[in-house]
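Chain residues, written in single-letter form:
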Amino acid sequence: MDFKDYYETLGLERTATQDEVKRAYRKLARKLHPDVNKEPGAEDKFKEAGEAYEVLKDPEKRTAYDQLGANWQAGQDFQAPPDWNEGFEFSGGGYTEANEADFSDFFETLFGRARAAGASRQSSHSFHAHGQDHYAKITIDVRDAYEGATRTISLQAPEVDKAGHVTLKTRSLRVSIPKGITEGKHIRLAGQGTPGIGQGRPGDLYLEIAFHDNGQFTAEGRDIYLDLPIAPWEAAMGGKVKAPTPTGVVELKIPQNAHAGQKLRLKGRGIPGKPAGNLYAVLQITVPPAKTDDDRKLYEQMAQQMKFDPRAKLGV
Amino acid sequence: MAKRTAKVVSGEIVEVVSLAELCRSCGVRAEWVVELVEEGILEPEGTAPARWRFSAISITRARTAWHLQRDLGVNKAGIAVALNLMDEREALHHLVRRLKHLSSG
């Protein structure tokens, strides 16, 4: 097990005052909170900061931790001395705000877990003996929304046994995702949350849907947007081009003198529903590079013949 | 554990939720949700709390609001500002992603 330097985690000297500890944690928490910071790794850092604060904000735990000595380095292999916490009772310190299931083995070795306390605190928010509802996020492909799909998901959730102990259990579930789902919508799986207590019915599981960023289609509600590159001559003269859609390739008719950013609507080709969404192909004019002398001559000819000034409106 | 994967569970798409369902899904008290409504953070349809119907997006908003209060000690007014800014940032991220695809394509 690695030693954790809680002072380093919060960017503090060992001599920091309680006020400084609080300020340092608040600052880090605001920056790293998973609802605020979407960077990968932010959530882990947020949990580490929470663990460090849990110890350093509590004078009892902090004193005990300090007694381990300043010679330990973060990451160093660590074993707690047998009598390290003699004379300390971590009774009133409390596990007030953080979710102790997120804490490290290092923390657990030193301070144990307030399992029963944590469990009763969580259930105080729910109704009577109903099991708690759970929530998870699931990322699917846009195509899955067109056809419906079956996905296997892994869920980690704390489970309370008869003796009141909480453990993190992993379970997998095969979920059928209904056709016509859109981003941000929730799927409810009745009875898949925490089991009820006594006669109480089990909680439900809510899955929030997000789409993979596949670089091709973006969704807004049931409408799907596709950026479709076309050549300058296709834009000028119009004509038929092939375009991918989540349900297969279609032929699209480009109007004459089409311009960049123009949206071509394919009615009802968005995500199915009542009403079904539309698919919008947003035209993107791609200019072929002049690679050879012949290419260059062609461009020169165009420049002479077309008398085209793209900056006419700018008055230069 | 692996045995449970055999069964396929089908779900229903949540369109609207009642006050009780919203509270259960987020693990929060009804009084607290009422305060969010009073602050204009959630906007249910219907006149009285018993008849309130929340759009499904409220589940995400209420959960985020609860995290902000529990983890960071943000008050109701602060939650309202933070959620608005998060929505705005999400929209901008969306746009930036699209523009990046365009310029790299």
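Preceding this paragraph is the structure being described.
Now for a description of the structure that goes with this document. From a predicted model like this one, the values you see are computed outputs, not experimental measurements.

Thresholds, definitions, all that
Residues numbered from 1 in each chain as written. Chains lettered and ligands numbered in written order. Predicted model: local features only at pLDDT ≥ 70, side-chain atom pairs only at ≥ 80, totals over all residues. Heavy atoms only, no water. 1 Å grid on protein atoms, 1.4 Å probe; cavity = no way out; pocket = protein on both sides within 12 Å on 5 of 7 lines; lining within 4 Å. Points joined across faces, edges and corners; volume = space filled by probe spheres on them. Helix = DSSP H or I, 4+ residues; strand = E, 2+ residues; numbered from the N terminus. Patch = residues over 30% accessible without salt bridge, like charges linked within 9 Å, V, L, I, M, F, W, Y side chains within 5 Å. Areas by Shrake-Rupley, 256 points an atom, 1.4 Å probe, with all protein chains shown as cover. Salt bridge = Lys/Arg side-chain N within 4 Å of Asp/Glu carboxyl O. Lys, Arg positive; Asp, Glu negative; His and termini not counted. Charge placed at Lys NZ, Arg CZ, Asp CG, Glu CD. Buried < 20%, exposed > 50% of the residue type's maximum accessible area, 1.4 Å probe, protein only. Expected span 1.5 Å × (residues − 1). Axes fitted to C-alpha atoms, helices over the stretch in contact; angles between N-to-C directions. Parallel < 35°, antiparallel > 145°, perpendicular 65-115°, else oblique. Left-handed = near helix turned anticlockwise from the far one by under 90°. Contact = heavy atoms within 4.5 Å. Nonpolar A, V, L, I, M, F, W, Y, C, P; charged D, E, K, R; others polar. Pairing = 2+ DSSP bridges. Buried area = accessible area lost by both parts, 1.4 Å probe. Polar contact = N/O pair within 3.5 Å; in protein donor to acceptor, adjacent residues only side chain to side chain.

All names here are of chain A. Of the volumes computed, that of the second largest pocket is approximately 730 Å³. P232, W233, Y299, M302 and M306 are, among the 20 residues lining the second largest pocket, the residues nearest its centre. When contributions to the lining of the second largest pocket are tallied by element, the ones reaching two or more residues are α8 (232–237) and α9 (293–306). Among the elements that line the lining of the second largest pocket, the one with the most residues is α9, at eight residues.

Okay, a positive patch on the surface next. All names here are of chain A. A surface patch of like charges, here positive, comprises K22, R26, K27, R30, K31 and K45. Broken down by element, the positive patch gets its largest block of residues, five residues, from helix α2 (residues 18–32). Relative to the helices and strands, K31 is located in helix α2. Judged by its relative accessible area of 56%, K31 is exposed.

Below, the discussion takes up helix α3 (residues 57–72) of chain B. Residues and elements named next belong to chain B. Under the 1.5 Å per step criterion, the end-to-end length of α3 is 22 Å for 16 residues, consistent within 8% with the ideal 22 Å. By the criterion of burial, α3 is predominantly enclosed, with 12 of the 16 residues buried. S58, I59, T60, R61, A62, R63, T64, A65, W66, L68, D71 and L72 are the residues of α3 that are buried. Positive phi appears at G73, one or two residues downstream of α3, with a value of about 70°.

Bringing the packing of helix α1 (residues 19–26) of chain B against α3(B) into the picture now. All names here are of chain B. Look at α1 against α3: their axes get within 10 Å of each other, and the N-to-C directions meet at 50°. Overall, the two elements α1 and α3 adopt an arrangement that is oblique. Considering only the axes of α1 and α3, their crossing is right-handed. Contacts between α1 and α3 involve L22, S25 and C26 from the former and S58, I59, A62, R63 and W66 from the latter. Among the residues forming the contact of α1 with α3, the class breakdown is five nonpolar, two polar and one charged.

On to the sheet that holds strand β4 (residues 186–189) of chain A. The sheet built from four strands is open, its strands ordered β1(A)-β5(A)-β4(A)-β2(B) with mixed pairing. Each edge of the open sheet carries a strand with a single partner, namely β1 (134–140) of chain A together with β2 (12–14) of chain B. The average angle at which neighbouring strand axes cross in this sheet is 35°, direction not considered. For β1(A) and strand β5 (residues 205–211) of chain A, the ladder comprises seven bridges, and the chain directions are parallel.

Further remarks concern the interface of chain B and chain A. Across the boundary between the two partners, chain B contributes 40 residues, which contact 45 residues of chain A. Here chain B and chain A share an interface that buries about 4,100 Å² over both sides, 54% of which is from carbon and sulfur atoms. Applying the counting rule to chain B against chain A returns four salt bridges. With a closest N to O distance of 3.7 Å, A:D213 and B:R97 form a salt bridge. One can count 11 residue pairs in polar contact (both at pLDDT 80 or more) joining chain B with chain A. No other element matches α3(B), which puts 11 residues into the side of chain B that touches chain A. Tallied by class, residues from the side of chain B that touches chain A come to 17 nonpolar, 10 polar and 13 charged.

Attention now moves to the pattern of salt bridges. Under the definition given, this model contains 16 salt bridges over all chains. A salt bridge links A:D141 to A:R143, with the nearest nitrogen and oxygen atoms 3.2 Å apart. Among the residues examined, A:R143 registers a relative accessible area of 36% and is labelled partly exposed. Residues B:E12 and A:R188 are paired through a salt bridge, measuring 3.0 Å at the closest nitrogen-oxygen approach.

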